[in-house]
Amino acid sequence: MYNKSKVVFKDYNPKQNFLLPPSLEELIELNHPVRTVSDVIDGLDLECLIKNYKPGGTSSYHPRMLLKVLVYGYLCNIFSSRRLEEALKQNIHFMWLSGMSRPDHNTINRFRSERLKDEVRSIFTQVVLLLESQGHVSLKTVFTDGTKIEANANRYTFVWGRSIERNKRRIEEQLQDLWEYTQQVAATESKDKTEVEFKAIDKEAVEKTIKKIDTALKGKKICPKVRQKLNYARKNWPANLQKYAKQEDIMGKRNSFCKTDTDATFMRMKEDHMKNGQLKPGYNLQISTHNQFIVNYSLHPNPNDTRTLPEHIKIFKEHYNRLPEELVADAGYGSQENYTLLDNEGVEAYVKYNHFDKDTRTGIPSISLSNPEVAQLRTKAYNLLVTDRGKELRKQRCHDVETVFAQIKNNKGFRRYNLRSKAKAEVETALLAMAHNLKKCPVRTS
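About the criteria used
Residues numbered from 1 in each chain as written. Predicted model: local features only at pLDDT ≥ 70, side-chain atom pairs only at ≥ 80, totals over all residues. Heavy atoms only, no water. Helix = DSSP H or I, 4+ residues; strand = E, 2+ residues; numbered from the N terminus. Rg over C-alpha atoms; globule rule 2.2 N^0.38 Å. Buried < 20%, exposed > 50% of the residue type's maximum accessible area, 1.4 Å probe, protein only. Contact = heavy atoms within 4.5 Å. Lys, Arg positive; Asp, Glu negative; His and termini not counted. Charge placed at Lys NZ, Arg CZ, Asp CG, Glu CD. Core = buried A, V, L, I, M, F, W, Y, C linked by side-chain atoms within 4.5 Å. 1 Å grid on protein atoms, 1.4 Å probe; cavity = no way out; pocket = protein on both sides within 12 Å on 5 of 7 lines; lining within 4 Å. Points joined across faces, edges and corners; volume = space filled by probe spheres on them. Nonpolar A, V, L, I, M, F, W, Y, C, P; charged D, E, K, R; others polar. Phe/Tyr/Trp six-rings, centres within 6.5 Å; stacked < 30°, edge-to-face > 60°. Lys NZ or Arg CZ within 6 Å of the ring centre and 35° of its normal. Salt bridge = Lys/Arg side-chain N within 4 Å of Asp/Glu carboxyl O. Axes fitted to C-alpha atoms, helices over the stretch in contact; angles between N-to-C directions. Parallel < 35°, antiparallel > 145°, perpendicular 65-115°, else oblique. UniProt positions renumbered as here; feature names shortened; annotations may be inferred. Pairing = 2+ DSSP bridges. Right-handed = clockwise from strand over helix to strand, strands pointing away.

Quick word on the overall build of the chain
Inference 1: Counting secondary structure elements, the chain contains 17 helices and 8 strands.
Inference 2: Against the 2.2 N^0.38 benchmark of 22 Å for 446 residues, the chain shows a C-alpha radius of gyration of 31 Å, more extended than a compact globule.
Inference 3: Across the 446 residues in the chain, those meeting the buried criterion constitute 45%.
Inference 4: The contacts of the chain with a sequence gap of at least 6 include a subset with a gap of at least 24, amounting to 68%.
Inference 5: Counting 74 positive and 55 negative side-chain charges, the chain places the centres of these two groups 6 Å from one another.

See below:
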């Protein structure tokens, strides 16, 4: 039987004009995270940012709008300034957030790299205090851990401290050989019998010694290989030693740095793109969390967690004018210095030490007879960790702070910084932390 019914489609006319233009406000869901970002940043005191702008010249984009765009961009896993520029033209949420403003990628990146560099931590602190006032987090108990994030630097332009020492030692040995050869050749005619010390070798000392060698060998018939080595030494060694001195000054107490980001140190990371245990330039990111909210962060050039805690605790105290009552961390922080620091600051240290898991099986804390102070600190830590409160905090630590790293590195895909230098990487860390906190829970602003 023939079906005479007709298929009906909804009206479709892409060229139709609106009689009244739609409001972007009506197109944004009431519970969308973009509203949370906007409301929270509207409630922050940004006078520290605004005072950095100087009068005169053309008008500037408002820092509050740029901050909203950056935080929401990191919330949406958009970290590139060019992609943010594109989103401001195509994404309705970014268009609503910016009030239809369209700053280009240079403006966005300049604001992120320069304007926020000195002020972003105080802004992050305001967000955490807002979360605390509404009961989402507590600053009394924090869970601390670290992870390594690759720096925005060339993976193969490295400088090693051991290499510098080896090269300096080689110059010292070859210079000694040249001096001894010179003494042998000119022993009968040279009146300079002074001994030359090469212990503190530097550019000036090498130049002075080479001049002495040139004077002593002037007009003498010497081996061509020695003449060649002397010419090479004259042209290269002083400049090389000057370069080594600058590199040692940049390196400080580290064992390496990257030429394209001198703040970055080469570290062994879990993300190994070549599958050969290769070291990559990066930073050691330390965070403290509570209820899976980030309440403190710090960036360090040293790969081990042990020496990061003093600075991390110092930053916490500077910005909150207090310290947590309880700090929970794994065995990577269980050193004598850290136990002593936390004890002096009045912080309960629920911090494991290397042999804690073994001691829980035997029921007796391992002690060192040669160092009674360490034995006393370990015994105190053990007695804290085996209490009911200690067991509760140890269980909570695994799914509190480590879950945050999983969110950042796996869900957000943030495994490499986009900006170079430690100061700019800290800006990205703050933006990432604020985005994580605001996405996790809608904050009441009324």
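Right, picking up where we left off after that structure.
What about the nonpolar core?
Inference 1: Counting residues in each nonpolar core, the largest one holds 91 residues, and the members touching the most others are L67, V71, L116, L327 and L431.
Inference 2: Setting aside chain neighbours within four positions, we find L327 in contact with V142, T144, L309, I313, L342, V347, E348, A349, Y350 and V351.
Inference 3: Counting 20 residues, the second-largest nonpolar core is a separate cluster that includes I210, W237, Y244 and M251.

Overview of empty space enclosed by the protein
Inference 1: Across all of its chains, the model carries 1 cavity of 30 Å³ or more by this definition.
Inference 2: What the largest cavity holds in volume is close to 30 Å³.
Inference 3: Along its surface, the largest cavity is lined by L285, I287, I294, I408, T429, L432 and A433.
Inference 4: Put simply, the parts of the chain that give the lining of the largest cavity at least two residues each are β5 (279-290) and α17 (422-440).
Inference 5: The greatest single-element share of the lining of the largest cavity, amounting to 3 residues, is contributed by α17.
Inference 6: Considered class by class, the residues forming the lining of the largest cavity number 6 nonpolar, 1 polar and no charged.

Here's the deal with the packing of aromatic side chains
Inference 1: Enumeration according to the criterion identifies 12 aromatic pairs in this entry.
Inference 2: Between F158 and W160, the aromatic rings sit 5.7 Å apart at their centres with planes inclined by 55 degrees, giving tilted as the arrangement.
Inference 3: For R115, the ring lying beneath its charged end belongs to Y53, and the centroid distance is 4.0 Å.
Inference 4: Over the face of the ring belonging to F293 we find K440, whose NZ or CZ atom lies 5.4 Å from the ring centre.

A word on the pattern of salt bridges
Inference 1: As enumerated under the stated definition, the model contains 16 salt bridges in all.
Inference 2: In this structure, K168 engages E248 in a salt bridge whose closest nitrogen and oxygen atoms are separated by 3.5 Å. Remark: E248 occurs in helix α11 (residues 224-251) and K168 occurs in helix α9 (residues 161-185); sequence separation between them is 80 residues.
Inference 3: Here E426 makes a salt bridge to K422, at a shortest N to O gap of 3.0 Å. Linking E426 with K422, this pair stays in helix α17, spanning 4 residues, or about one helical turn.
Inference 4: Several salt bridges converge on common partners, so that one network encompasses E150, R155, K280 and R416.

Section: the packing of helix α12 (residues 309-320) against helix α13 (residues 336-344)
Inference 1: Taken N-terminus to C-terminus, the directions of α12 and α13 make an angle of 25 degrees; their axes are 10 Å apart at the nearest point. One way to sum up the angle between α12 and α13 is to call them roughly parallel. Contact with α12, carried on its side by L309, P310 and I313, involves N338, L341 and L342 of α13 and no other residues of that element.

Examining the UniProt feature "domain: Transposase InsH N-terminal" (unreviewed entry) in the chain
Inference 1: Mapped onto this structure's residue numbering, the UniProt feature "domain: Transposase InsH N-terminal" (unreviewed entry) falls at residues 23-113.
Inference 2: Summarising residues 23-113: 63% helix, 0% strand, and an end-to-end C-alpha distance of 33 Å.

Some remarks on the pairing of strand β8 (residues 348-351)
Inference 1: Where strand β7 (residues 326-329) and β8 come together, 4 bridges link them in parallel fashion. For L327, the partnering residue across the bridge sits in β8 and is A349.
Inference 2: Crossover β7 to β8 through α13 is right-handed.

So, helix α2 (residues 33-42)
Inference 1: Counting buried positions over the 10 residues of α2 gives 7, a clear majority of the element.
Inference 2: Of the residues making up α2, those classed as buried are V34, R35, T36, V37, S38, V40 and I41.
Inference 3: The elements touched by buried residues of α2 are α1 (24-27), α4 (63-75), α6 (92-98), α8 (120-133) and α17.

Considerations on the pairing of strand β1 (residues 141-150)
Inference 1: Among the 10 residues of β1, 9 are classified as buried, and the element is accordingly described as predominantly covered.
Inference 2: Across 3 bridges, β1 lies against β7 in parallel orientation. What sits directly across from V142, in β7, is L327.
Inference 3: Pairing between β1 and β5: 8 bridges, direction antiparallel.

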